[in-house]
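Structural overview
Read off the chains here:
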Amino acid sequence: MLIKRREFLKISSLATASLMMPNFLKAMTLDEALEPNQKILVVLQFTGGNDGLNTIIPTKNDIYFKERNSISIKDSLVLNDETGINPALSYFKELFDNGELSVMNNVGYPDPDKSHFRSMDIWHSASRSDEFLETGWLGRFLDEECYRCEHPTQALEVDDMLSLALKGENNKAFAFKDPKRLYQTSQEKYFKSLYDHHHDDETVSYLYQTLGSTINNADYIFEKSKSKKTDQTYPNSQLGKDFKTVASLIKSDINTQVYYLSVGSFDTHVNQNERQSKLFSDINEAVKSFVADLKSNGIFNDVLLMTFSEFGRRVAQNASNGTDHGTANQMFFISGGLKKKGLLNALPDLQKLNEGDLIYTEDFRKVYATILKNWLKADSSKVLGWKNGIYDFI
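We now turn to the structure provided with this report. (Residues numbered from 1 in each chain as written. Predicted model: local features only at pLDDT ≥ 70, side-chain atom pairs only at ≥ 80, totals over all residues. Heavy atoms only, no water.)

A separate point is unusual backbone geometry. In this structure, the amide linkage connecting G264 to the following residue, S265, adopts the cis form with an omega of 10°. Considering the arrangement of structural elements, one finds S265 in the loop between β8 (258–264) and α10 (272–296). Phi is positive for D111, which is not a glycine, with a value near 50°. Positionally, D111 belongs in the loop between β5 (101–108) and α4 (116–125). The phi dihedral of K377 is positive, around 55°, even though this residue is not glycine. Counting through the fold element by element, K377 comes out in the loop between α11 (364–375) and α12 (380–384). Note on K377: relative accessible area 56%, which makes it exposed. (Helix = DSSP H or I, 4+ residues; strand = E, 2+ residues; numbered from the N terminus. Buried < 20%, exposed > 50% of the residue type's maximum accessible area, 1.4 Å probe, protein only.)

Structural data, given as structure tokens:
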């Protein structure tokens with residue numbers, strides 16, 4: 001069978017999603033929903049290294065204003081006597097005041113790496129800085145859960161490619177950008193014929209079988225995504241569309257416990273404030289619609305939205321009104337089910353730096369362990385190998 005270039009490109013695209021698909025995704029056709037009140041995790045990745053010091057602002061710290069004489073945020077929204085939040089995150093301020101937002105400051109890891117790719121791999125895999133893992137922390141969660149859970153546990157990433165964070169040794173999440181587009185591609189006559197195609201080569205045969213399974217599940221995901229129409233208006237940004245997709249799936253009875261999204265780039269070496277403010281405005285409006293949607297459907301208490309970035313920025317601004325790659329950063333946690341609200345720990349100490357960089361005080365793997373154990377009810381020590389305690393904010 002000859003494959004035209006156009007068909008090859010399409011099959012390659014679909015195969016990209018297909019080969020990311022775990023074996024247990026086939027069980028989705030059994031129409032097993034999550035158990036009532038089972039917790040859902042939504043991860044929002046700030047790609048590119050968001051500047052944490054211009055996100056949560058130390059409003060009474062002279063060092064901050066001195067080191068950032070032209071890019072410091074002087075009109076922040078008040079959180080407490082010494083702390084403000086970037087004015088573009090006005091809805092986060094509202095969540096803070098309502099007790100629906102927690103902030104963990106100064107999160108990082110020992111011997112930090114300032115490469116985007118390496119540091120992101122460390123955050124995705126939950127490895128040490130001198131350790132290289134081929135599986136992600138949520139992928140290993142899938143491996144662990146699917147050995148003992150009554151129903152298969154599934155994760156979805158709203159993107160064209162699957163992140164390392166969701167790749168396990170035996171199970172992987174499923175990546176797609178738009179349920180309708182995935183479904184339409186899968187329903188083309190050319191792909192439908194894959195069900196009946198056989199090949200003597202084992203690898204090629206496996207590819208066809210996997211593609212056929214994807215076709216089956218593309219229909220399932222699409223049907224679930226449109227099963228619960230929303231009255232909520234979402235912004236027309238890409239992030240707004242992604243959150244709308246996630247909300248539609250959460251409200252359906254799809255068997256999905258983890259959703260993964262990303263936004264960026266936050267690599268603000270030049271003219272930082274303009275770029276960061278635009279990204280924050282997009283995030284602010286998308287999250288506002290998402291939370292309103294969850295609240296109107298009575299499920300906000302069972303959903304946790306967590307944000308992270310691969311590193312923060314240096315304390316001092318550079319000559320281009322931007323900031324260069326740094327180290328520690330803050331994480332946001334948004335939910336109606338938080339046990340501790342507001343600022344969970346102290347702001348970074350700007351008097352104790354390591355060659356101009358923040359020195360982390362909170363290990364991100366402890367945050368992951370907390371999410372796994374307290375929210376997803378998983379064995380965090382098996383997933384992470386982390387036995388150094390957990391937090392109690394959820």
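Before going further, it helps to examine the pattern of salt bridges. In the structure shown here, the tally under the stated rule is 14 salt bridges. Salt bridges sharing partners connect three or more residues here, namely K114, R314 and D357. (Salt bridge = Lys/Arg side-chain N within 4 Å of Asp/Glu carboxyl O.)

On to the sheet that holds strand β3 (residues 77–80). The strands that make up a sheet pair up through hydrogen bonds in the backbone, lying either parallel or antiparallel. Strand order in the open sheet formed by three strands is β2-β4-β3, with antiparallel pairing between adjacent strands. Across the chains shown, the open sheet's two edge strands, defined by having one partner strand only, are β2 (56–58) and β3. For this sheet, the mean inter-axis angle between neighbouring strands, taken without regard to orientation, is 35°. Of the pairings in the sheet, the one linking β3 to strand β4 (residues 83–85) comprises three bridges and is antiparallel in character. Paired with L77 across the bridge in β4 is I85. Contacting β3 and β4, helix α3 (residues 90–97) runs over the sheet at an angle of about 25° to β3. (Pairing = 2+ DSSP bridges. Axes fitted to C-alpha atoms, helices over the stretch in contact; angles between N-to-C directions. Contact = heavy atoms within 4.5 Å.)

A separate point is α10. An α-helical turn contains 3.6 residues, so any two residues separated by three or four positions project in the same direction. A rise of 1.5 Å per residue sets the reference length of α10, with its 25 residues, at 36 Å; its end C-alpha atoms lie 36 Å apart and thus fit the reference within 8%. The positive-phi residue at the C-terminal boundary of α10 is G298, with phi of around 70°. (Expected span 1.5 Å × (residues − 1).)

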